[in-house]
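# Residue-level structural notes
Listed here are the chains, written in short residue letters.
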Amino acid sequence: MSLSDIAAGLELTTAQVDRGVATVDDTAVDRDARLREHADELPCTVAAAATVLDQYESGVSVGEAGAAAALPEVTAAKLLHRCGFEGVTPLAPTARRVLRDWLDGRAARADALELTKATEAEFALAAYVETHDPIEALAATVRRDAAAPIAGDALVSKRDALAETMTGGGDLR
């Protein structure tokens, strides 16, 4: 097949049709209104959620953000996860696979807890993160409000990316 065969059915015009640009703009929706819309899906009250988000976005730790809202650190971490922040899971990728095996019924809880080497609180938070997706409408609002894109904790990201290549102290001989 030659180029002339391919172009045989094409019609050429001299004018270009301006179709415009499709846009979606939800900048008029404020974060507190979004939080109220999804109040039933949050692990805390809307007021506490707003406080945690304000504090965390100002640069404080998850625990300090939770304390400012009179919430336990684990509840603040759950909220941040639901709002689209990455890096709040305390488990590395291999440990998360073990957790998923427990959630799928392929491993006993005691075995999964032992293999992940997580505390009860870490295990519970990781299970919450695995079983609850971020609320996309909240995540989009938080991303829009943030001065910079949400990148998560660089240390956790690096640890997760290199988890398979690292050995533990017990592996040395």
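Residues numbered from 1 in each chain as written. Predicted model: local features only at pLDDT ≥ 70, side-chain atom pairs only at ≥ 80, totals over all residues. Heavy atoms only, no water.

### Some thoughts on the packing of helix α3 (residues 46-57) against helix α5 (residues 73-82)
- The contact between α3 and α5 brings their axes to 10 Å, and the two run at 80 degrees. By the angle between their directions, the pair α3 and α5 is classed as roughly perpendicular. Together, Ala49, Val52, Leu53 and Tyr56 of α3 and Ala76, Leu79 and Leu80 of α5 make up the contact between the two elements.
- Here the contact of α3 with α5 is built from residues that sort into 7 nonpolar, no polar and no charged. (Axes fitted to C-alpha atoms, helices over the stretch in contact; angles between N-to-C directions. Helix = DSSP H or I, 4+ residues; strand = E, 2+ residues; numbered from the N terminus. Parallel < 35°, antiparallel > 145°, perpendicular 65-115°, else oblique. Contact = heavy atoms within 4.5 Å. Nonpolar A, V, L, I, M, F, W, Y, C, P; charged D, E, K, R; others polar.)

### Side note on helix α6 (residues 93-103)
- Among the residues of α6, Pro93, Ala95, Arg96, Val98 and Leu99 are the ones counted as buried.
- With its phi angle positive at about 85 degrees, Gly105 sits one or two positions after the end of α6. (Buried < 20%, exposed > 50% of the residue type's maximum accessible area, 1.4 Å probe, protein only.)

### Description of the environment of Ala112
- By the element assignment, Ala112 lies in helix α7 (residues 109-116).
- Residues Ala112 and Ala95 lie 17 residues apart in sequence; the distance between their C-alpha atoms is 8.4 Å.
- Once you skip the residues sitting within four places of it in the chain, Ala112 turns out to touch Val98, Trp102 and Phe123.

### Points about α3
- Compared with an ideal rise of 1.5 Å per residue, which puts 12 residues at 16 Å, α3 spans 16 Å between its outermost C-alpha atoms and is within 8% of the ideal.
- Turning to α3, its buried residues number three or more, namely Ala48, Ala49, Ala50, Val52 and Leu53.
- Gly59 lies just past α3 and shows a positive phi near 115 degrees. (Expected span 1.5 Å × (residues − 1).)

### Regarding the environment of Ala77
- Of note, Ala77 is situated in helix α5.
- A relative accessible area of 5% means that Ala77 is categorised as buried.
- The sequence separation of Ala77 and Val88 amounts to 11 residues, and the corresponding C-alpha distance is 5.9 Å.
- Filtering out sequence-adjacent residues up to four positions away, Ala77 remains in contact with Val62, Val88 and Leu125.

### Quick word on the pattern of salt bridges
- Throughout the structure, instances matching the rule amount to 8 salt bridges.
- Residues Glu37 and Arg34 are paired through a salt bridge, measuring 3.8 Å at the closest nitrogen-oxygen approach. Highlighted residues: Glu37 and Arg34, both in helix α2 (residues 31-37), separated by 3 residues, approximately one helical turn.
- Glu37 sits in the exposed class, given a relative accessible area of 54%.
- Shared partners join several salt bridges into a network, and the residues in it are Arg31, Asp54 and Glu57. (Salt bridge = Lys/Arg side-chain N within 4 Å of Asp/Glu carboxyl O.)

Limitation: the analysis is restricted to geometry and does not speak to function.
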